[in-house]
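Descriptive structure summary
Here is how the chains run, residue by residue.
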Amino acid sequence: MPFQDQSHKANWYLVLVFVLLTLGIMAAGYLYFQKQREHITGDKKNDLAAIADLKMSQIDSWRKERLADARMIYENRLLALRAQQLLKDPVSGRLEDELPGWMALREKNDEYAMGFLFDAEGTLRCSVHGSSLHRSSEPPSHVTEALKTRSIAFSDLQ
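Residues numbered from 1 in each chain as written. Predicted model: local features only at pLDDT ≥ 70, side-chain atom pairs only at ≥ 80, totals over all residues. Heavy atoms only, no water.

1. Things to note about the overall build of the protein chain
Going by this rule: The numbering of helices and of strands both runs from the N terminus, where a helix is a DSSP run of H or I of at least 4 residues and a strand a run of E of at least 2. Three exposure classes are used, based on accessible area relative to the maximum for each residue type with a 1.4 Å probe and protein chains only: buried under 20%, partly exposed in between, and exposed over 50%. What makes two residues a contact is simply this: any of their non-hydrogen atoms within 4.5 Å.
Scanning the protein chain from N- to C-terminus turns up 4 helices and 2 strands. Here the protein chain holds 158 residues, and 16% of them are scored as buried. Sequence separation of 24 or more characterises 38% of the internal contacts of the protein chain that already satisfy a separation of 6 or more.

Printed below as a string of structure tokens:
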């Protein structure tokens with residue numbers, strides 16, 4: 001009997017060692033998984049931050065380019081005088097010929113989607129083919145803002 005008791009005790013020790021090793025391996029695997037998860041999450045957060053910085057830089061650059069284009073048009077005295085002449089004499093039909101042609105070139109060469117010309121009262125006088133702006137009694141808010149401040153104004157992105 002003493003041999004059977006020792007054999008039975010040895011079996012229990014083996015089971016206990018097996019359970020403890022299994023629990024140890026499971027704990028090590030869980031801790032390794034958590035560390036990997038934190039590492040991957042940190043990497044992805046860094047990637048997203050880098051992408052956000054890049055996009056922010058691109059948007060800032062795009063806005064500066066559009067502002068430079070707007071300043072070039074705004075400060076072009078010859079264009080302003082010609083537009084003024086055409087707006088004073090819209091009956092001649094040259095307004096519909098000259099300005100849309102010039103605006104269409106800007107649209108094509110500078111990859112603009114739309115082009116509009118408003119007079120000093122905020123009335124839409126001319127638009128480039130393919131441009132869609134419904135003629136209404138009220139001009140868009142950014143046009144009103146530009147007229148009030150006599151400066152360049154941006155509309156929301158569409």
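2. Overview of unusual backbone geometry
Positive phi values are uncommon outside glycine, yet R150 reaches one of about 55°. Along the chain, the position of R150 falls in the segment after α4 (141-149). Of the residues examined, R150 reaches a relative accessible area of 65% and is grouped as exposed.

3. Topic: the side chain of D119
Under the convention used in this document: Whenever two N or O atoms come within 3.5 Å, that pair is a polar contact, provided that in protein one can donate a hydrogen and the other can accept it, and provided that, for residues adjacent in sequence, both atoms are side-chain atoms.
Note on placement: D119 falls in the loop between β1 (116-118) and β2 (124-127). A polar contact is formed between the side chain of D119 and the backbone nitrogen of E121, at a distance of 3.0 Å.

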